[in-house]
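Structural overview for review
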Amino acid sequence: MSAEVSTQIEAIDEEIRENTLEKNKLEQRIQSLKQKRDDLKNLYNRKIADEQGDWQVWLDEFPWSKKIQEVLENTFHLEKFREHQIAAINATLSKKDTILLMPTGGGKSLCYQLPAFIESGLTLVVSPLISLMDDQIHKLRTLGITAYKMSAGEPSDTKTTVYGYLNKQKGPVIKLLYISPEMLVKSKKLVSALQACHKAGNLNRIAIDEVHCTSEWGHDFRPDYRYLGLFKNLFQGVPIIGLTATATTFVLNDVREILEIPAAIVIRAPFDRPNLLYKVNPKPSKFNLCVEQINKIIEDDFKDCSGIIYAISIKECEDIAKALREAGRSVCLYHAQLTNEAKVKIYNKWMKNTYQIVVATVAFGLGIDKPDVRFVIHFSLPKTVEDLYQQAGRAGRDGLPATCIVLYRLADYLKHTGYAKSKKDIEGASDVLKYILNLRNCRHSLIGFFFEEDNAINCKTMCDNCLRSTQPEYFCLKRACHEIYQTIDEAKKKENDLTLIKLIDSWFKLFKVQISKEDAEDIVAHLLSNRVLKEEKNYTAYNVICYFNKAYENPPKDSINVYMVRNAALRRYLGPLPSQENGQNIKKHLKGGKPSSSKRQKVNALD
Ligand SMILES: Nc1ncnc2c1ncn2[C@@H]1O[C@H](COP(=O)(O)OP(=O)(O)OP(=O)(O)O)[C@@H](O)[C@H]1O
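Under an unreviewed UniProt entry, the name given to the protein chain is ATP-dependent DNA helicase, and the organism recorded is Oryctes borbonicus. The UniProt entry for the protein chain carries the following text under Sequence similarities (unreviewed entry): "Belongs to the helicase family. RecQ subfamily." As its UniProt record puts it under Subcellular location (unreviewed entry), the protein chain is described as follows: "Nucleus".

**So, the site of the ligand**
Taken together, 16 residues surround the ligand, and among them Lys80, Gly105, Lys108, Ser109 and Arg397 come closest. Gly106 is positioned with one of its backbone polar atoms (N or O) 3.3 Å from an oxygen atom of the ligand. In this structure, Arg394 approaches the ligand through a side-chain N or O atom, which is 3.0 Å from an oxygen atom. About the coverage of the ligand: the protein hides 79% of its 650 Å² of free accessible area. Of the residues assigned to the shell around the ligand, the class counts are three nonpolar, seven polar and six charged. Split by domain, the residues of the shell around the ligand number at least three in each of domain 1 (52-268) and domain 2 (276-449).

**With respect to the pattern of salt bridges**
Per the counting criterion, the structure on display carries 29 salt bridges. For the salt bridge of Lys66 with Glu70, the shortest nitrogen-to-oxygen distance reads 3.9 Å. Taken together, the positions of Lys66 and Glu70, both in helix H2 (residues 65-74) and four residues apart, correspond to about one turn of that helix. When its relative accessible area of 64% is taken as the criterion, Lys66 is described as exposed. Relative accessible area serves as the criterion here: at 39%, Glu70 is assigned to the partly exposed category. Asp97 is the salt-bridge partner of Lys232, the closest N and O atoms lying 3.0 Å from each other. Of this pair, Lys232 sits in helix H9 (residues 231-234) while Asp97 sits in the loop between helix H3 (83-93) and strand E1 (98-101), and the two are 135 residues apart along the sequence. Considered together, Lys232 and Asp97 belong to a single accessibility category, that of buried residues. A network of salt bridges, in which partner residues are shared, links Asp135, Lys139, Asp369 and Arg397.

**As for H2**
Within H2, burial applies to Ser65, Ile68, Val71 and Leu72. Down the axis of H2, the sector holding all buried residues measures 130°, keeping them to one side. What points out from H2, more than 90 degrees from its buried face, is the exposed set Lys66 and Asn74. Against H3 and helix H4 (110-118) lie the buried residues of H2.

**Things to note about the state of the cysteines**
The full count for this structure, using the stated rule, is zero disulfides. Take Cys459: it sits in no disulfide, and the sulfur closest to it among the cysteines is that of Cys442, at 3.6 Å. Judged by its relative accessible area of 17%, Cys459 is buried. Lacking any disulfide linkage, Cys466 is separated from the closest cysteine sulfur, that of Cys463, by 3.6 Å.

**Topic: the UniProt feature "domain: Helicase C-terminal" (unreviewed entry) in the protein chain**
UniProt's feature table lists "domain: Helicase C-terminal" (unreviewed entry) at residues 297-457, given in the numbering used throughout. Along residues 297-457 the backbone is 43% helical and 16% strand, and the end-to-end C-alpha distance reaches 27 Å.

**A word on the sheet that holds strand E9 (residues 306-310)**
Strand order in the open sheet formed by six strands is E8-E13-E12-E9-E11-E10, with parallel pairing between adjacent strands. Since the sheet does not close on itself, it has two edges, and those belong to strand E8 (276-282) and strand E10 (331-334), each with one partner. Neighbour to neighbour, the strand axes of the sheet diverge by 20° on average, direction disregarded. The pairing of strand E12 (residues 373-378) with strand E13 (residues 402-408) spans four bridges and is classified as parallel. Following the sheet pairing, Val376 is matched in E13 by Cys404.

**Things to note about the sheet that holds strand E4 (residues 176-179)**
One open sheet holds the seven strands; their spatial order is E3-E4-E2-E5-E6-E1-E7, and the pairing between them is parallel. Of all strands in the sheet, those with a lone pairing partner are strand E3 (147-150) and strand E7 (265-268), marking the two edges. With direction set aside, neighbouring strand axes in the sheet form an average angle of 20°. Bridge count between strand E5 (residues 203-209) and strand E6 (residues 240-244): four bridges; the pairing is parallel. The residue of E6 that forms the bridge with Ile208 is Gly242. Sheet strands in contact with H4 are E1, strand E2 (122-126), E4, E5 and E6, and its direction is about 140° off that of E4. Sitting on the sheet, helix H6 (residues 156-168) is in contact with E2, E3 and E4, with an inclination near 105° to E3.

**Considerations on the nonpolar core**
In terms of nonpolar packing, the biggest core is built from 121 residues, with Leu177, Ile208, Phe231, Phe364, Leu410, Trp507 and Ile523 touching the most fellow members. Filtering out sequence-adjacent residues up to four positions away, Ile523 remains in contact with Leu477, Ala480, Ile484, Trp507, Ile515, Met564, Leu570, Tyr573 and Leu574. Counting residues in each nonpolar core, the second largest holds 35 residues, with Ala87, Ala147, Ile241 and Ile267 among its members.

**Quick word on the pairing of strand E14 (residues 473-476)**
Side chains Glu473 and Phe475 of E14 all project onto a buried face; the interleaved residues Tyr474 and Cys476 project onto the opposite face, where all are buried too. Inspection of the sheet shows E14 paired to strand E17 (residues 561-564) by four bridges, in the antiparallel sense. Along E17, the bridge assignment pairs Cys476 with Asn561.

**Some remarks on unusual backbone geometry**
Look at Glu260: it is not a glycine, yet its phi comes out positive at around 55°. If you trace the backbone, Glu260 turns up in the loop between helix H10 (249-258) and E7. Here Lys460, not a glycine, exhibits a phi torsion of approximately 70°, which is positive. Classification of Lys460 by relative accessible area gives exposed; the value is 58%.

Rules used throughout
- Residues numbered from 1 in each chain as written.
- Predicted model: local features only at pLDDT ≥ 70, side-chain atom pairs only at ≥ 80, totals over all residues.
- Heavy atoms only, no water.
- UniProt positions renumbered as here; feature names shortened; annotations may be inferred.
- Near = heavy atom within 4 Å.
- Polar contact = N/O pair within 3.5 Å; in protein donor to acceptor, adjacent residues only side chain to side chain.
- Areas by Shrake-Rupley, 256 points an atom, 1.4 Å probe, with all protein chains shown as cover.
- Nonpolar A, V, L, I, M, F, W, Y, C, P; charged D, E, K, R; others polar.
- Domains from an automatic or database assignment.
- Salt bridge = Lys/Arg side-chain N within 4 Å of Asp/Glu carboxyl O.
- Helix = DSSP H or I, 4+ residues; strand = E, 2+ residues; numbered from the N terminus.
- Buried < 20%, exposed > 50% of the residue type's maximum accessible area, 1.4 Å probe, protein only.
- Arc of directions from axis to C-beta.
- Contact = heavy atoms within 4.5 Å.
- Disulfide = S-S within 2.5 Å.
- Pairing = 2+ DSSP bridges.
- Axes fitted to C-alpha atoms, helices over the stretch in contact; angles between N-to-C directions.
- Core = buried A, V, L, I, M, F, W, Y, C linked by side-chain atoms within 4.5 Å.

Here it is in structure tokens:
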């Protein structure tokens, strides 16, 4: 190469170096600006929340107090308000933007339906599930309240009625109009009719059900919910009321920002559902044994009771339904691939107890309101703690006791992380794993802490952890960790990858371990949950295979203390108990964490 060319190349290299340095500097600057922006937003949101002060001021007497009590009794045929309902109704009737957080089955719908009834003008209700709007509309019409829905498949006479009312205030006076967020995005005609209604001073309020779907940090994020951020511009001055059972402060702040309602009044009722008995059952490895277990639970405790079984896929639903039908149970199926018509038909038959059990995917959840559901069984692990709470929340809505059982096996967790599409999915699954592996805290408390509730609950009799006669013991997993690390090292020398089964087999063989495979799986689960082991995925054309690897080069020096249920073999293997850390109080896990608005804080509560 000539000297001239070499010089040119050197000059170019030099320029690349300089530009790379510049690029790195700019990237760092962008990062720090982003951080600064997020900090400012959080500070602002917290300030707003502080300024809102005490929600109890909304329990005072208002000019409409007498009227709402009359309507409650005479139109809704209910005796008295639940505390947070009055506050939400007063806030929204005062034309304030409001967000109401109330537990599943808490009675959120009343908080926009009753105001809609007593005021003139229209309440627009955004709801995520078309199939359930019919149910709501049917209930409202039975009470003598005119409600309609607008969806693409609506008959033309319904559309004519709705447009006639929106555009010209002609025809029957519509009190509530239900739409899906998708409809709002798809139909310009509907949006301009709503604008005409607003211009005529006839759009009173916008209710957004399951408002957490707006935030991508909330579970069930629905991209079309993002467009609801246009409401404040499209319909200026119209108050919004958002309703949800599942939102952390972080999600709530995100929702307020997206909907452009930073000063919304937040009314938050405790999340706990004291009448639900939460349990986690070990799941047999064979499908038919799982179905046998479920069938026995139903036979023993819920023979003629209404219930829901949640499965992870349509195929799993079909298999469970088939097996239960063969066992003589009256079962129907519900999943996203059914037509809206079929969904409504199945839902109605289950509501009328024509079917005892519905086997369903997550498609059957939000808004399902059958009072006497006595059991909810998760055949496979729910993907997030929110899903668990929402789906379990379909049970016991009449306030009477109901049981919610999760069948757990580590393999199901690995399926979730294997198919996870994002970091958020993985975080969701590992939160559930922490909930499952926690044997010492009341499960009501664990769920409460997940939603950042401060009061530790001791249900005494309404979760398996409180009911357990043999208390879990505190073990150190250091020895197991050393052995498993060596097992992985040995496998690597032979260029072998270790699936869960292979890992346990090789570990048992190498160290002549004499504990049960279930205990071994539990130990691996704890090591995964403590991030001492990690999973690595291998994608094939048909499957995702999960291999186990060390998270560190060497086993951590610190002890890895966990609670496990006592059994002689496990005790012999794990040796003497480490000195008992004061681990009874989960609150301590929250100390020293990030500020309360941080999403990750909730995770610590599940440790
Ligand atoms: N004040 C009240 N007194 C008695 N029952 C009530 C009261 N308010 C509502 N309910 C009843 O509680 C049930 C649940 O109400 P609703 O469907 O509004 O719950 P939700 O809060 O939307 O729950 P989810 O988030 O789980 O869908 C309904 O059957 C409703 O009639």
